[in-house]
Protein chains: 2
Amino acid sequence: MKTIINALNKAFESRVRLGIMSALIVNDTLDFNNLKEYLEVTDGNLASHLKALEKEEYVAVKKSFIGRKPNTQYVITQQGKQAFEEHISALEDLIRSQR
Amino acid sequence: MKTIINALNKAFESRVRLGIMSALIVNDTLDFNNLKEYLEVTDGNLASHLKALEKEEYVAVKKSFIGRKPNTQYVITQQGKQAFEEHISALEDLIRSQR
């Protein structure tokens, strides 16, 4: 059991972070509003979880302009993709131990 | 995605709580030290997560004596079992959405 729970990544404990990572694995890039609508969370909640994932270098920010409007896109990093895959595998192990 | 993450139970976000619930589904009862060894966590950490799960009525405490020594056993409640099953199903949905 210890080995299984240690293989779970603390950075992905929150369900909002699980949702962000899932969304960014499926979609190449998403902007803040896409993510907000996708996950139905508040601005503050989403921003704080995105910041935490950026700090871990699991998510990266791409800033650009659409016309004259600044646009911020979020992408998953290679590191983030690998860490999330490992987390999903650990969840699968946990589920298998219950079935 | 929103539906999947909303089906995840906030009470089980922490990996220590996932570990406690998994341990108590597999074993009928466990005492504090069993759980501590099983999960390799500190007393304070384990106590605070157990208290949170008790508050949700997912885990119940059975106090007794072994000889003259007090003994505290933890068991999963019917409610806890059902909530954890639902959480595991939601995790399965999340994993399926990634594969």
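Just so we're clear, the structure is a prediction, and the values are computed from it rather than from any experiment.

Undergrad: How do you make sense of the packing of aromatic side chains when you look at a structure like this?
TA: A ring pair, where both rings are aromatic, is described by two values, the distance of the centres and the angle of the planes. The tally for this structure, following the rule as stated, stands at four aromatic pairs over all chains. Ring centres of A:Phe12 and A:Tyr58 lie 5.2 Å apart, and the angle between their planes is 35°; this geometry places the pair in the tilted category. With a gap of 46 residues between them, A:Phe12 in the loop between helix H1 (2–7) and helix H2 (15–26) and A:Tyr58 in the loop between helix H4 (43–55) and strand E2 (59–66) connect regions that are remote in the sequence. When its relative accessible area of 10% is taken as the criterion, A:Tyr58 is described as buried. A ring pair is formed by B:Phe12 and B:Phe84, whose centres lie 5.4 Å apart and whose planes are at 85°; its orientation type is edge-to-face. Of this pair, B:Phe12 sits in the loop between helix H1 (2–7) and helix H2 (15–26) while B:Phe84 is found in helix H5 (residues 78–98), placing the two residues 72 residues apart along the sequence. Among the aromatic residues, ring-to-ring pairing joins A:Phe12, A:Tyr58 and A:Phe84 into one connected group.

Undergrad: Explain the sheet that holds strand E1 (residues 30–31) of chain A here, please?
TA: Each strand in a sheet pairs with another by means of backbone hydrogen bonds, the pair being arranged parallel or else antiparallel. Residue and element names in this part refer to chain A. Taken together, three strands build an open sheet; the order of strands is E1-E3-E2 and the sheet is antiparallel. Edge strands, defined here as strands with exactly one partner in the open sheet, are E1 and E2. Of the strand pairs in this sheet, E1 and strand E3 (residues 69–76) are connected by two bridges, and their pairing is antiparallel. Across the sheet, residue Asp-31 finds its bridge partner in E3, namely Gln-73.

Reading the values: rules and limits
Residues numbered from 1 in each chain as written. Chains lettered and ligands numbered in written order. Predicted model: local features only at pLDDT ≥ 70, side-chain atom pairs only at ≥ 80, totals over all residues. Heavy atoms only, no water. Phe/Tyr/Trp six-rings, centres within 6.5 Å; stacked < 30°, edge-to-face > 60°. Helix = DSSP H or I, 4+ residues; strand = E, 2+ residues; numbered from the N terminus. Buried < 20%, exposed > 50% of the residue type's maximum accessible area, 1.4 Å probe, protein only. Pairing = 2+ DSSP bridges.

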